[in-house]
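# Structural features, examined
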Amino acid sequence: MGSIPIHLRHFFRNRPGRYPVMAHKDTPSSSGRKEKSSMESHQTRQGGRLKRAAPLVVIAAGIALLIFAVVFHRLELVIPADAALEAPQGVFLPDVHRDLPERLETPSPAETGDAEPKVVIVTENDIIRESTRGGVALNEDGAVQRTWTDEPPEACPT
Amino acid sequence: MRFRTWVQTAFLGVWMLPMGGALFNICGPVYHCYACPLATFACPIGVIANFSAIHVFPFFAVGMLLFVGGAVGAFICGWACPFGFFQDLLSKVPTPRWRLPAWTAHTRWAVLLGMVIFVPYFFGVAHPLFICRLCPVGGIEGGVPAVVSAAIAGEEALPWPSPWKIGIVVLVVSAMFFTYRPWCMLFCPLGAIFTAFNRFSAFFLRFEPKACTSCTACHKMCPAGLTPDKRANDPRCIRCLECTKCPTSALSVGSVFRKA
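The paragraphs below set out a description of the structure included in this document. (Residues numbered from 1 in each chain as written. Chains lettered and ligands numbered in written order. Predicted model: local features only at pLDDT ≥ 70, side-chain atom pairs only at ≥ 80, totals over all residues. Heavy atoms only, no water.)

## Side note on the overall build of chain A
We count it as follows: Under the DSSP-based scheme used, a helix requires at least four consecutive residues in state H or I and a strand at least two consecutive residues in state E, with every element numbered from the N terminus. Exposure is judged per residue with a 1.4 Å probe applied to protein chains only, and the accessible area is read against the type maximum: over 50% gives exposed, under 20% gives buried, and values in between give partly exposed. Whether two residues are in contact is decided by their heavy atoms: any pair within 4.5 Å suffices.
For chain A, the count of helices and strands is 5 helices and 6 strands. The order of α-helices and β-strands along chain A, N terminus first, is α-β-β-α-α-β-α-β-α-β-β. The buried share among the 158 residues of chain A stands at 37%. Considering only contacts within chain A whose residues lie at least 6 apart along the sequence, 56% involve residues at least 24 apart.

Put into structure tokens, the structure is as follows:
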């Protein structure tokens, strides 16, 4: 691994700096000569605190959304009667769980004659996992339904 | 090899862990298709598009984008994105390069609003303009390995992507030889989001006007053809930090955690 380049080393030192400079414009000075002035240097004094807080607010909002998604957000997922209870763990990788005894002992709803689709409450992360397989869609009732069975979907958009 | 190249290579180890989709319930912050056999996380754009199709707000994906965007902005594009790294590697081929006009960056928002949000929401994932059906990232990272692995396995029916997708892949890859990061500059919806945070991220590019001698060296150093001395936090900037090699140190990396 190469060492940190010279032009980045200052970034890793605890050197006090100024608030961001995003743009500057040419303004005539008293001598008539154009000098560069920074919009940001004015904001450093006037609105610097607010500008400094903006990214922290955005980060906090992101963390709040992440926590909400993981802890609180629940969705109803309709599992069709002919779908397997467990989907494979990858699209192209072999399903190593396919031949496990537990899997064989767990009949699908179709095998048990249970033709009614199941409605389960899942987390948003479960829906993310399902969507990566192209396996969820809205059904006629407007509910989120898993379309994934034992095989990868033939109409996988990727 | 450059420091940034080492960092990009190291990040490949994060985004390409062969875990068999065990972490597909988490969005990664980079554009990496989950159809890739080595993908570690779910693609945030794919998740947003799929959630739009089922009319559910993607709290996790949006939260991830806000968190990462607010923290580092487009640094993630320049230093961590695997598809950006792929384009960087192809940009090293010595071919004539053209710089794209600034207005072309707006097409990224058209892709984000149109193909990622509106089309899935109103027409579902079956529409031919659904982002995953045309995305060259999926074509390269997911489609090529699928075809190759099927060919190696001796399957008769190879899982070829659609002709449209193949055409887009060929076009985008060809464009990589003639302009810098064409996908990022023209179409990347994730890049549009992250570069929009350039002005509001905790880490940013700092410009010291007093140190600037107007030598325009940063114009020549910027691979995207931007003008960092005029607009250090340009919404097209991917934060490669080439311009911070400024001979007078007028451009540097700053953060809100350091007091003025």
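Once the structure has been displayed, the description carries forward.
## Quick look at a nonpolar patch on the surface
Going by this rule: A patch is a set of surface residues, each over 30% in relative accessible area and not in a salt bridge, joined within 9 Å for like charges and within 5 Å for the nonpolar side chains Val, Leu, Ile, Met, Phe, Trp and Tyr. Methods summary: accessible areas were calculated by the Shrake-Rupley approach with a probe of 1.4 Å, and residue burial reflects only the protein chains presented. One speaks of a salt bridge when a side-chain nitrogen belonging to Lys or Arg is within 4 Å of a carboxyl oxygen belonging to Asp or Glu.
Where nonpolar side chains cluster on the molecular surface, the patch consists of Ile-63, Ile-67, Phe-68, Val-70, Val-71 and Phe-72 of chain A together with Phe-67 of chain B and spans about 590 Å² of accessible area. No other element matches the 6 residues that helix α3 (residues 48-72) of chain A contributes to the nonpolar patch.

## Let's talk about the environment of Val-119 of chain B
All names here are of chain B. Along the chain, the position of Val-119 falls in helix α6 (residues 107-123). For the pair Val-119 and Ala-49, spaced 70 residues apart in the sequence, the C-alpha separation amounts to 8.6 Å. Excluding its chain neighbours within four sequence positions, the residues that come into contact with Val-119 are Gly-114, Gly-124, His-127, Leu-129 and Phe-130.

## Some thoughts on the environment of Phe-68 of chain A
Along the chain, the position of Phe-68 of chain A falls in helix α3. The exposure class of Phe-68 of chain A is partly exposed, given its relative accessible area of 32%. In sequence terms Phe-68 of chain A and Glu-124 of chain A are 56 residues apart; their C-alpha atoms lie 9.6 Å from each other. Once you skip the residues sitting within four places of it in the chain, Phe-68 of chain A turns out to touch His-73 of chain A together with Phe-59 of chain B.

## Considerations on the packing of helix α2 (residues 44-53) of chain B against α6 of chain B
Residues and elements named next belong to chain B. To keep things clear, this is the line we draw: Between the N-to-C directions of two axes lies an angle of 0 to 180 degrees, each axis being a line fitted to C-alpha atoms and, for a helix, fitted only over the stretch in contact. Definitions for this section: a left-handed crossing has its near helix turned counterclockwise from the far helix by less than a right angle. A right-handed crossing has that turn clockwise. The classification used treats Ala, Val, Leu, Ile, Met, Phe, Trp, Tyr, Cys and Pro as nonpolar, Asp, Glu, Lys and Arg as charged, and all other residues, Gly among them, as polar.
Their axes nearest at 6 Å, the elements α2 and α6 cross at an angle of 30°. The hand of the α2/α6 crossing is right-handed. In contact with Ile-45, Ile-48, Ala-49, Ser-52 and Ala-53 of α2, α6 contributes Leu-112, Val-116, Ile-117, Pro-120 and Tyr-121. Split into classes, the residues belonging to the contact of α2 with α6 amount to 9 nonpolar, 1 polar and no charged.

## Here's the deal with the packing of helix α3 (residues 59-72) of chain B against helix α11 (residues 189-196) of chain B
All names here are of chain B. Rules: Orientation is classified from the angle alone, with under 35 degrees giving roughly parallel, over 145 giving roughly antiparallel, 65 to 115 giving roughly perpendicular, and any other angle giving oblique.
Packing of α3 against α11 leaves a shortest axis separation of 8 Å and a crossing angle of 50°. When the interaxial angle is binned, α3 and α11 end up oblique. Where α3 crosses over α11, the handedness of that crossing is right-handed. From α3, Leu-65, Val-68 and Gly-69 reach across to α11, where they touch Leu-190, Ile-193 and Phe-194.

## Here we look at the state of the cysteines
Rules: Two cysteine sulfur atoms form a disulfide, by the criterion used here, when they sit within 2.5 Å.
For the structure shown, the criterion picks out 0 disulfides over all chains. This cysteine, Cys-77 of chain B, is not joined by any disulfide, and Cys-188 of chain B carries the nearest cysteine sulfur, 6.3 Å off.

## Brief notes about the nonpolar core
How we decide: Here, nonpolar core refers to any group of buried Ala, Val, Leu, Ile, Met, Phe, Trp, Tyr and Cys residues whose side-chain atoms link them within 4.5 Å.
One finds Ile-127 of chain A together with Tyr-31, Ile-45 and Ile-131 of chain B to be the most contacted residues of the largest nonpolar core, which totals 70 residues. When residues in this core are grouped by element, the largest group, 6 residues, is from α3 of chain B. One finds Phe-207, Cys-243, Leu-251 and Val-253 of chain B within the second-largest nonpolar core, a separate group that totals 15 residues.

## Points about the packing of aromatic side chains
Residue and element names in this part refer to chain B. For the record, the criterion: For Phe, Tyr and Trp, where Trp contributes only its six-membered ring, two rings pair if their centres lie within 6.5 Å, and the inter-plane angle classes them as stacked under 30 degrees, edge-to-face over 60, or tilted in between. As a reminder, the over-ring test applies to NZ of lysine and CZ of arginine, requiring each to be within 6 Å of the ring centre and within 35 degrees of the ring normal.
With the rule as written, the count across this model stands at 14 aromatic pairs over all chains. Taking the centre distance of 4.8 Å and the plane angle of 65° together, the rings of Phe-57 and Phe-59 count as edge-to-face. Relative to Phe-178, the ring of Trp-98 lies with its centre 6.1 Å away and its plane at 45°, an arrangement referred to as tilted. You can see Trp-98 sitting in the loop between α5 (82-91) and α6 and its partner Phe-178 sitting in the loop between α9 (163-175) and α10 (182-187), a full 80 residues away along the chain. Look at Phe-178 and you get partly exposed, because its relative accessible area is 35%. Aromatic ring contacts, followed pair by pair, group Tyr-31, Phe-83, Phe-86, Trp-183 and Phe-187 into a single cluster. Over the aromatic face of Phe-75 sits the side chain of Arg-239, whose NZ or CZ is 5.6 Å from the ring centroid.

## As for the side chain of Thr-104 of chain B
Residues and elements named next belong to chain B. Threshold: What qualifies as a polar contact is a pair of N or O atoms within 3.5 Å, subject to a donor-acceptor requirement within protein and to the restriction that residues adjacent in sequence count only when both atoms come from side chains.
By the secondary structure assignment, Thr-104 is in the loop between α5 and α6. The buried category is assigned to Thr-104, whose relative accessible area is 9%. From its side chain, Thr-104 meets the backbone oxygen of Pro-101 in a polar contact 2.5 Å long. The contact partners of Thr-104, leaving out residues within four places of it in the chain, are Met-185 and Leu-186.

## Observations concerning the pattern of salt bridges
Residue and element names in this part refer to chain B. Under the counting rule described, the total for this entry stands at 6 salt bridges over all chains. Between Arg-4 and Asp-88 there is a salt bridge, with its nearest N and O atoms 3.0 Å apart. Within this pair, whereas Arg-4 is found in helix α1 (residues 3-15), its partner Asp-88 is found in helix α5, the two being separated by 84 residues in sequence. Overall, the relative accessible area of 10% leaves Arg-4 in the buried class.

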